[in-house]
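Analysis of the macromolecular model
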Amino acid sequence: AGAAAGLDFDVFEAGKRANDLRQKALVLATQNPDANRNPLVDADRIESATKGISTATGMDREVVFGAVQKYVELTGNLDDALSLLPDMAKRAIAYGASIDDVSEGFATIRKRLGDTADAKAIGRTFDIMGMQGREGAVEIREFAKAVIPRLGPYGTGFGVSDTSLALSGGNREEAQL
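Residues numbered from 1 in each chain as written. Predicted model: local features only at pLDDT ≥ 70, side-chain atom pairs only at ≥ 80, totals over all residues. Heavy atoms only, no water.

With respect to the packing of aromatic side chains
This is how the line gets drawn: Between the rings of Phe, Tyr and Trp (Trp by its six-membered ring), a pair exists once the centres lie within 6.5 Å; its type follows the angle of the planes, with under 30 degrees stacked, over 60 edge-to-face, and the other angles tilted. Only runs of H or I of at least four residues qualify as helices and only runs of E of at least two qualify as strands under DSSP, and these elements are numbered from the N terminus. For every residue, the accessible area (1.4 Å probe, protein chains only) is compared with the maximum for its type, and the residue is labelled buried under 20%, exposed over 50%, or partly exposed between those bounds.
Applying the stated criterion to the full structure yields two aromatic pairs. With 5.2 Å between their ring centres and 55° between their planes, Phe-106 and Phe-126 make a pair best called tilted. Separated by 20 residues along the polypeptide, Phe-106 in helix H5 (residues 99-113) and Phe-126 in helix H6 (residues 119-134) bring together distant segments of the chain. Across the pair, exposure class does not vary: Phe-106 and Phe-126 are buried alike. A connected cluster of aromatic rings, assembled from ring pairs, spans Tyr-95, Phe-106 and Phe-126.

If you want it as C-alpha cells, here you go:
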C-alpha cells in the first residue's frame, strides 16, 4: 500500500503542477493587449509550446514557461515569444545558459532591433554576443543586463551605423560598413 500511496501522491503532484501551469498560462494569455484574441486559445498555445520544448530538451516545463513569461513581460509580444522559443532553447543549451537569461537577451535584442527584425537577425545578434561569452569576455546573464542595452539601434554600440553588421551575423566582410 505504501508504494501505491507514493504513486498516488506523484500523480496528484503532477496533476497539480499541470493545473498550476494552466492557470499561469491563462493569466499570461489575458495580459495580451489585443482584445480580439481568445485567451483560452493563447493559453493552449503557451501550454503546447512549453510542453514541446520541455519534451525535446529535457528542460523543466515551469522553467520554459518562465522564459516565455519573461519575454512577454519585457516585450508585450506573446506571438514573438512563442515563435522564438525553440531558438531560445537551442541557444540556452549551446551556451550552457539558463533559458530565462537567453529569453531576457532575446527580448532586449528585440527591443533594440525593433519589430522589423526577423528571428534570424535576433539569433545572429545573440550569437555574436554569445561567442564573446564562450571566449570569457561576457557571461550570458550579464550580456542581457549590461551589454545589449548599450547597443544603439542595430549595433551602433559596436561602431556600426546601421543594421548591416547584426544582419550579417557579425561578419565584417559581409557587412556594409
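Remarks on the environment of Asp-20
In this structure, Asp-20 sits in helix H1 (residues 2-30). Sequence separation of Asp-20 and Glu-62 is 42 residues, and the distance between their C-alpha atoms is 9.5 Å.

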